[in-house]
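What follows is the residue order along each chain.
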Amino acid sequence: MNKTDKEVVIRIRGLRNQFGHHVVHEDLDLDVYRGEVLGVVGGSGTGKSVLLRSICGLQTPNAGEVDVLGTNVLTASDNERSKLERRWGVMFQDGALFSSLNTRENIEVPMRDVEGLDPKLRSQMADLKIALTGLPYLAGDKFPSELSGGMRKRAGLARALALDPEILFLDEPTAGLDPIGAAEFDILIRQLSKSMGLTVFLVTHDLDTLHATCDRIAVLAEKKVLVTGTMKQMLDVEHPWVHEYFHGPRARAAMDAIPAKKAE
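Keep in mind the model is a prediction, meaning the values are calculated, not measured.

Conventions and cut-offs
Residue numbering note: each chain is counted from 1, following its sequence as written. The predicted nature of this model means local features are confined to residues of pLDDT at least 70 and side-chain atom pairs, given and counted, to a pLDDT of 80 or more, with totals for whole chains, interfaces and linings taken over all residues. In computing side-chain values, all of the structure's heavy atoms are included and hydrogens and water are not. Under the DSSP-based scheme used, a helix requires at least four consecutive residues in state H or I and a strand at least two consecutive residues in state E, with every element numbered from the N terminus. To estimate how far a helix should extend, the number of its residues minus one is multiplied by 1.5 Å. Remark: exposure states derive from per-residue accessible area (1.4 Å probe, protein chains only) relative to the maximum for the residue type, with buried under 20%, exposed over 50%, and partly exposed in between. The arc in question is traced by the directions running from the helix axis to the C-beta atoms. Two strands make a pair as long as DSSP finds a minimum of two bridges between them. Here, axes are lines fitted to C-alpha atoms. For helices the fit covers the stretch in contact, and angles between N-to-C directions go from 0 to 180 degrees.

**Student:** Can you tell me about helix α4 (residues 119-132), naming the residues and giving the values?
**Tutor:** Taking 1.5 Å of rise per residue, the 14 residues of α4 would be expected to cover 20 Å, and the 20 Å separating its terminal C-alpha atoms lies within 8% of that figure. Those residues of α4 lying buried are Arg122, Ala126, Asp127, Lys129 and Ile130. Angular distribution of buried residues about the axis of α4 spans 160°; they occupy a single face of the element. Residues Lys120, Leu128 and Ala131 are exposed on α4 and point more than 90 degrees away from its buried face.

Printed below as a string of structure tokens:
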């Protein structure tokens, strides 16, 4: 399938984000296609999370256009935004759970905006998401402080999936996890993206995650999306940062691990 045959579900043109005198993004363009897992990488300060927040409407850009699922995020009415937000889910770093709610109640939060949804059904749907993300059933009654770091991330993922979204936004999903926990989370993301037909926008610095989960990579550098492509295509990019990142010892180690992961 050619690029022109693919449905664009996120379209960004001419994006500019500026904080005071500091320009983070300038004339940034990006397309994200339906059903793909796109990994967004870049050096410190390149605005990876700022880009994610701009797409979700949590950050208002200084200029540019952001269209998600055919809706202009920046000019949409409150009603249009509300409908659009039900079609995506966001998992923030460390889950960003409400400390005063248990896991089940945290997952139910997005469902509370759905009119006429019976509380019993809402609880059952939350339990389904708990199971879907690999959490034990008893985790539903636990508060965030009683969960391990990996369990909090899975709970955050379960909440992001609460309304069966079309697009899933993940901000550094494996940050802070041990290698085994990170690998398991990578596998979970890949499985869910395939089984649920999700489009995944994944901000990460983890080379293992890029290799294990991503169909395509977008590199942020020089205040824009410098290049997009597959992992193999990244190896041919001559830009200094891109070359160092994808040819360094950690990149080679991640590539060497691919056959073992596929075997598993």
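The rest of the description comes next.
**Student:** Tell me about the sheet that holds strand β8 (residues 199-203), and please be specific about residues and values.
**Tutor:** Reading across from one edge, β6-β7-β8-β3-β9-β10 is the order of the 6 strands in this open sheet, with mixed pairing throughout. Edge positions in the open sheet fall to β6 (88-91) and β10 (224-229), since each of these has one partner strand only. On average, adjacent strands in this sheet sit at an angle of 20° to one another, irrespective of strand direction. Pairing analysis gives 5 bridges linking strand β3 (residues 37-42) to strand β9 (residues 216-221), with the strands arranged parallel. Bridge pairing links Leu38 to Arg216 in β9.

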